[in-house]
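Each chain is listed here by its residues.
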Amino acid sequence: MLDVPRVEIRFHGRGGQGAVTAAKVLASAAVDEGKYALAFPEYGAERRGAPVLAFTRIDEKPILEREPILEPDIVVVFDPSLEPEIYMRGLKPNGMLVINTKKTVDQVVKLLEEHGLQKPRCIARIDATDIALKHLRAPIVNTSMLAALVRAAKVVRLETLEENIRKVFAERPHIAEANIKAMEEAYNSTEVVCL
Amino acid sequence: MSTNQEEGFPERFLGKKYPETMEDLPIAAIVPWPGSTLDVTTHAWRTFRPVINQDKCVRCRLCWIYCPDGAILEVDEEYTTSTGKKYKVSFKVDYDHCKGCGICANECPVKAIEMVPEMK
Amino acid sequence: MAVVKEKPREEQLPTRRRKIAATGSDAAAYAVRDADVDVVAVYPITPQAPIAENIAQMIADGELDAELIHVESEHSAMSAAVAAAATGARSFTATSSQGLELMHEILYIASGLRQPVVMALATRALSAPINIWNDYADAMAMRDTSWIMIFSENVQEVYDNLVQAFRIAEHPDVLLPVVVTLDGYILSHTTEALEPLDREEVLSFAPKRPRGYRPVLDPDHPVTIGVLGAPNWYQEVKVQQALAMRESRRVIEETGKEFGKRYGREYGFIEPYYMDDAEVAIVTLGATSSLVKAAVNRLREQGVKAGMVKIRVFRPFPAEELAKVLENVNALGVLDRAVSFGGALEGPLAMEVLSTLAVRGITKPFISFIHGLGGRDIFVKDVVEMYQKLLEAAKSGKSVTRTLFYGVRSRRGHII
C-alpha cells in the first residue's frame, strides 16, 4: 500500500478493453471496504479501439476534487501499444506503472529511456493479454489488470475485488468465474520491481 | 352535479363557481364544476338560426355529430311524416347555446335544416 | 397506488445504512424505484440515457411496477408526464440539453397546470457547436418556467434530492413540478459511495397521497384542466403560481429538515462552507461546489480566510439565506457554468446574487466568473486563482464590472 491518505489511479486502455469498468469496479471495492472513492471516465465519442482514459480516486475522507487526475500515483496501462509519452504524463516520481506487456521489466525501463521519460519508482508487469485469452477467449484484460494492480499496490483486497466482479456478472456466473480465474492467475504472475 | 370535492381535497382548490378575485379562483383555473358551459348562453351570437324541418328529416344524426357546441338535441318525441313514416325520436335545436354557425345545415344530406335570419 | 401510512416516531430514528457504489444515474433510478413512481415517460439522450436504461431494466425485472411510455420525442415525454400527473399518477421524466429545449413549451404547461411532475436533468451544454458535456446552459434556460429547481453536488444528493422532490412537488401547498439536476458525466457517469434508503422509508417520507386530494382527471368526477385564460383571469392565475412558488419555501425547508431528522443528512436552501469568518467567498451550484470547497480547503491551509456558498435550491431563490451569510465578506465572486449572452452580467447566477444583495442595500466588491463551458475541466487551481482575484478586489474595494471568462485559449491571456 502506498503510504499516502489518498491514491489517484489513471487507467489507459482502448475502447472495448474495459478500462472504464475497471475504474468503476475498483471504486466499488473501495466503497465496500468503507473508504470513499470516485471513479469517472474521460468521455469522448466512444468507439471500439480508440484510446480511453478512466480515473479512480480512493481516500479515507470524502473526496471533493472532481477534476481529472493529472498527476497520478499509479498508471495502469491495458495496452502495450499505447504511447509511453501519454501514459507516463504527470506520473509522480515516486509513482508506479502497472503495465500489460510481454516485455521484461528491464525492457520496459529501456523503452521509457528511449522515449526520454523519467522512470517511475516501481514497475509492475504482467502479460494480461495472454491470461485474458486463456480464460476469457477474448483480449479483455481489465480484470487481470485490476488483479495486477492490487498485487502491486494493495489499494483494495483481492477478495473484495472478486466479490464485485461477481456482482457485475450476477446474471452470468460462468463469466464471473472465468474472470476470477484470470484474476487469480494474474495476481500470482505479476512481477513487481521497485527501482 | 358531483365534483371531486367529495373526495376531500382542500376547498381552495375548488374556488368559487363565479370567482371575483384571485382568492376565489380554483387552482390553475382548473374547472371543477362539470357542465359549466351550460350556464353560459351563446344565443346572442347568432345571425341565422337553424330550423329543422321534421317532415324532411331522416333522423341520420349527422347534425348531432357535427354540431361543434352540442346544441342539437335528440329528444324522445314521436313523429309521423306526411308520407306516413314513423320516427321514435326527433331532433331539436338548443337555441340557448346554438351560435348559428350553420354547420348542421351544411352537413344535412336531405337539406332538412334551413338557416333563417334572426332579424325579423 | 398504495398509500403508505406514516411510521410511528420511534421507528424513524436515523440508522446506519450500507453504502454501495453507484453513479448519479443509478442514484436517480433508485430514487424513482424507491418512490414507487407510477408513470415514467422518457426519451433517451446523452448523458441522461443511463437513467432511462436503468428504469427500463427495473421495470423489466419487476423491481418497479410502473408504466414506461416509449415516446417519440422529449416534447411528447413531457406531455405524457404532465398528462399522467393530471390523472393523479406519480409521474417522472428525465432529460438533458437539447431534450430539455424540445420540452420547453410543455415545461410552462406542467407548472401552469400545477402538475407535480418530477424530472431529473443531467445537465449538458447546448448546441451549436454540438457538445454532449457538462455545463448549466440547459438548466439556466428553464429558470423562468416556474419549476422548483434543486441542484445536486454529489451522487448521494441526487438520490436524496429526488426523494424530497416527490414530497415537495405533491404537497397540497405547492403543486409545482420539481427538477433535480445532476451534472452530466461529472455526476451522471461518476461512481461514488451512495447510501440509499429502504423503499418503505422513502414511501413513509414521501407518501403517495390519496388520488382525490387535488383535482385530477376522473370520469366519475369530471374536471376541466387546461382552460383558456383570457386577459380577465390570466394574470391572476400567474400570480397564484408565483405565490405558490414563494410558499413552496416553507415546504422545501420543512422537507429538508425532516429528512435530516430521519436520515442524518439535513438539507437547506444553501450550504455555507467556512463562512463564519470568511473574508472572500465564491457562490456556485451543482457538482462545481465540490471543486470550490477543495479550493477553500487549500486556501485555508495557507491561512487565507476563504469560504464558499453552495446554492442547493435555485428556484425559489434563497435570497434571505444568502444575504445573511454574505453580509460580512470583504469580496464576493460567483462562478457560473452558463452564459446569459448580452446580459448586464453574463453569469445567470451572478445576476441573481447581485440583485439579492442590491435590493437589501448590501454592496461588496464583486466579480462574476464563467468557466467550465461544454465540459471544459475546471481544476481546483483555477478556483484558487479566482480567490486570488477576489483578495485583490477586497484590497482595492473595487468590483469588476464585466464578467470574466476563465480558462480561455486566447492570445489575450486565459482571462477574457
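Keep in mind that what you see is a predicted model, and the values were worked out from it rather than measured.

A. Here's a closer look at helix H12 (residues 380-396) of chain C. All names here are of chain C. Compared with an ideal rise of 1.5 Å per residue, which puts 17 residues at 24 Å, H12 spans 25 Å between its outermost C-alpha atoms and is within 8% of the ideal. What H12 keeps buried is the set Val380, Asp382, Val383, Met386, Tyr387, Leu390 and Ala393. Taken around the axis of H12, the buried residues stretch over an arc of 155°, which confines them to a single face. Of the exposed residues in H12, the ones pointing more than 90 degrees away from its buried face are Gln388, Lys395 and Ser396. Tucked inside the fold, the buried residues of H12 contact strand S10 (280-285), helix H9 (288-301), strand S11 (306-311), strand S13 (331-336) and strand S14 (366-370). At the C-terminal side of H12, Gly397 shows a positive phi close to 75°.

B. How the structure looks around the sheet that holds S10 of chain C. Residues and elements named next belong to chain C. The mixed open sheet is built from six strands, whose spatial order is S9-S11-S10-S13-S14-S15. Edge strands, defined here as strands with exactly one partner in the open sheet, are strand S9 (270-273) and strand S15 (404-405). The pairing of S14 with S15 spans two bridges and is classified as parallel. In the sheet register, Ile370 faces S15, and the bridge partner there is Phe405. Seen against the sheet, helix H10 (residues 319-326) touches S9, S10, S11 and S13 and runs at an angle of roughly 10° to S9.

C. Quick peek at the arrangement of the chains. Pairwise contact counts over the two pairs of chains in contact peak for chains B and C. Chain A shows no contact with chain B. Their nearest C-alpha atoms sit 42 Å apart.

D. Layout of the interface of chain B and chain C. With 17 residues of chain B at the interface, the matching set in chain C holds 22 residues. Residues of the side of chain B that touches chain C, tallied by class, amount to 12 nonpolar, four polar and one charged.

E. Expanded view of the packing of H10 of chain C against helix H11 (residues 348-358) of chain C. Residues and elements named next belong to chain C. Two elements in contact, H10 and H11, have axes whose closest approach is 9 Å; the angle formed by their N-to-C orientations is 75°. As far as their axial angle goes, H11 and H10 are roughly perpendicular. Between H10 and H11, the residues in contact are Ala319, Leu322, Ala323 and Leu326 and Val353, Thr356 and Leu357, respectively. Residues of the contact of H10 with H11, tallied by class, amount to six nonpolar, one polar and no charged.

F. How the structure looks around the interface of chain C and chain A. Listed by partner, the interface residues are 19 residues for chain C and 16 residues for chain A. Where the side of chain C that touches chain A is concerned, the elements lending two or more residues are strand S1 (20-23), strand S8 (191-194) and H9 of chain C. Residue contributions to the side of chain C that touches chain A peak at four residues, all from H9 of chain C. In the side of chain C that touches chain A, the residues fall into 11 nonpolar, four polar and four charged. Sheet topology places strand S2 (residues 36-42) of chain A next to S8 of chain C; two bridges connect them, and they run antiparallel. Within S8 of chain C, the position partnered with Leu38 of chain A by the bridge is Glu192 of chain C.

G. The sheet that holds strand S4 (residues 74-77) of chain A, seen in detail. Here we have nine strands laid out as an open sheet, ordered S7(A)-S6(A)-S5(A)-S4(A)-S1(A)-S3(A)-S2(A)-S8(C)-S1(C), and mixed in their pairing. This sheet does not close on itself; its edge strands, each paired only once, are strand S7 (191-194) of chain A together with S1 of chain C. With strand direction ignored, the average angle separating the axes of adjacent strands in the sheet is 20°. As paired strands, strand S1 (residues 6-14) of chain A and strand S3 (residues 51-59) of chain A are joined by nine bridges and run antiparallel to one another. Note on S3 of chain A: the bridge partner recorded for Arg6 of chain A is Asp59 of chain A. Its contacts with the sheet put helix H3 (residues 105-114) of chain A on strand S5 (96-100), strand S6 (122-126) and S7 of chain A, and the angle it makes with S6 of chain A is roughly 120°.

H. Quick peek at helix H8 (residues 234-263) of chain C. Residue and element names in this part refer to chain C. For H8, built from 30 residues, the straight-helix expectation of 44 Å at 1.5 Å per residue is met to within 8% by its first-to-last C-alpha distance of 42 Å. Largest kink in H8: about 30°, centred on Glu247. Turning to H8, the residues buried within the fold contact strand S6 (148-151), helix H6 (155-170), helix H7 (199-205) and strand S12 (313-315). Positive phi shows up at Gly264, right after H8, with a value of about 80°.

I. Geometry of the confidence of the model for chain C. Residue and element names in this part refer to chain C. Per-residue pLDDT for chain C has a mean of 95; in total, 96% of the residues score no lower than 70. Long-range and interchain partners of residues 1-14, a stretch whose pLDDT sits below 50, account for 19 contacts in this model, where long-range means more than four residues apart. Complex prediction metrics read pTM 0.91 and ipTM 0.91.

J. Focus on the packing of helix H1 (residues 24-34) of chain C against H6 of chain C. All names here are of chain C. Where H1 contacts H6, the axes come no closer than 8 Å and their chain directions differ by 25°. The orientation of H1 relative to H6 falls into the category roughly parallel. Crossing hand, H1 versus H6: right-handed. In contact with Gly24, Ala27, Ala28, Tyr30, Ala31 and Asp34 of H1, H6 contributes Val155, Val158, Tyr159, Leu162 and Val163. Partitioned by chemical class, the residues of the contact of H1 with H6 number nine nonpolar, one polar and one charged.

Parameters and conventions
Residues numbered from 1 in each chain as written. Chains lettered and ligands numbered in written order. Predicted model: local features only at pLDDT ≥ 70, side-chain atom pairs only at ≥ 80, totals over all residues. Helix = DSSP H or I, 4+ residues; strand = E, 2+ residues; numbered from the N terminus. Expected span 1.5 Å × (residues − 1). Buried ≥ 20, exposed ≤ 12 C-beta atoms within 10 Å, placed from the backbone. Arc of directions from axis to C-beta. Contact = placed C-beta atoms within 7 Å. Pairing = 2+ DSSP bridges. Axes fitted to C-alpha atoms, helices over the stretch in contact; angles between N-to-C directions. Nonpolar A, V, L, I, M, F, W, Y, C, P; charged D, E, K, R; others polar. Parallel < 35°, antiparallel > 145°, perpendicular 65-115°, else oblique. Bend = angle between axes of the 7 residues up to and from the residue. pLDDT = per-residue confidence, 0-100. Left-handed = near helix turned anticlockwise from the far one by under 90°.

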